[in-house]
Amino acid sequence: MRLLLVEDDARLSARLRSDLQQAGFAVDVADNGVDAEFMGESEPYDVVVLDLGLPGRPGLEVLRHWRAAENPMPVLILTARDAWHEKVEGFKAGADDYLSKPFHVAELLARLQALLRRGVARPPGPLRVAGLELDEDAQTARVLATGAIFELTGTEFRLLRYLMRHPGQLLSKSRLTEYVY
């Protein structure tokens, strides 16, 4: 899954990028609102993690522009602003979820998975296609007929997850490369 991480704190951004990649996401990073808005308009992201206090253009303005352009990608706001009225403002601007700093990475990942499940309208639980079951938490695949379990590398996991989320579709090499790398 392709994820756009918009965060101007370089240390947090580097840590999050690593954590998200380990969880199977192909992560692009923007550290300012202008670049974030452009990337969100020009690239097909599955989900966005958006900070609000950005240089160049505030995160809420970026989000409002995406929504005005009818960009449907799910957006999770990740910010130090945690007053109730700021959360309401974020949801009114078009956010799909809101997480305040400080946070636990496990909660961020769970919220992202929930957004992605809603976005592709699939039932909760493991992803099952063509006799395979994908465990997204353990990054393993299980053959349903035999019960054999295979540990997957990050690249194998991202590729298999993308193929399983698009069963029966013809996918180009360039499209697969974009999502995996």
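Since the model is a prediction, treat every value here as computed from it, not as a measurement.

Chemist: I'm lost on the environment of L171 in this one. Help?
Modeler: Positionally, L171 belongs in the loop between helix 6 (154-165) and helix 7 (173-180). The sequence separation of L171 and L78 amounts to 93 residues, and the corresponding C-alpha distance is 32 Å. Residues in contact with L171, not counting those within four places in the same chain, are Y162, L163, H166 and L176.

Chemist: Mind showing me how you'd approach the packing of helix 3 (residues 59-68) against helix 4 (residues 84-93) here?
Modeler: Two quantities define a packed helix pair, namely the angle between the axes and the distance from one axis to the other. As a packed pair, helix 3 and helix 4 sit with axes 9 Å apart at the nearest point and diverge in direction by 25°. Relative to helix 4, the element helix 3 is oriented roughly parallel. Side by side, helix 3 and helix 4 meet where L60, L63, R64 and R67 of the first sit next to E89, G90 and A93 of the second. Considering only residue class, the contact of helix 3 with helix 4 consists of three nonpolar, one polar and three charged.

Chemist: Explain helix 2 (residues 33-42) to me, please; I cannot follow it from the model alone.
Modeler: Those residues of helix 2 lying buried are G33, A36, E37, M39 and G40. Axial view of helix 2: buried residues confined to an arc of 170°, hence all on one face. Residues of helix 2 that are buried make contact with strand 1 (2-6), strand 2 (26-30) and helix 3. For helix 2, the N-terminal capping position is held by N32, with its side-chain oxygen 3.1 Å away from the main-chain nitrogen of V34.

Chemist: Quick question: what am I supposed to make of the sheet that holds strand 7 (residues 132-135) here?
Modeler: Strands pair in a sheet through their backbones, by hydrogen bonds, and they do so in one of two ways: parallel or antiparallel. Reading across the sheet, the four strands line up as 6-7-8-9 and stay open at both edges, with antiparallel pairing between neighbours. Whereas interior strands pair on both sides, the edge strands pair on one side only; in this sheet they are strand 6 (127-129) and strand 9 (149-151). Each strand of the sheet is rotated relative to its neighbour by a mean of 20°, with strand direction disregarded. As defined by bridge partners, strand 6 adjoins strand 7 across three bridges and the pair is classed as antiparallel.

Each value, and the rule that gives it
- Residues numbered from 1 in each chain as written.
- Predicted model: local features only at pLDDT ≥ 70, side-chain atom pairs only at ≥ 80, totals over all residues.
- Heavy atoms only, no water.
- Helix = DSSP H or I, 4+ residues; strand = E, 2+ residues; numbered from the N terminus.
- Contact = heavy atoms within 4.5 Å.
- Axes fitted to C-alpha atoms, helices over the stretch in contact; angles between N-to-C directions.
- Parallel < 35°, antiparallel > 145°, perpendicular 65-115°, else oblique.
- Nonpolar A, V, L, I, M, F, W, Y, C, P; charged D, E, K, R; others polar.
- Buried < 20%, exposed > 50% of the residue type's maximum accessible area, 1.4 Å probe, protein only.
- Arc of directions from axis to C-beta.
- Polar contact = N/O pair within 3.5 Å; in protein donor to acceptor, adjacent residues only side chain to side chain.
- Pairing = 2+ DSSP bridges.

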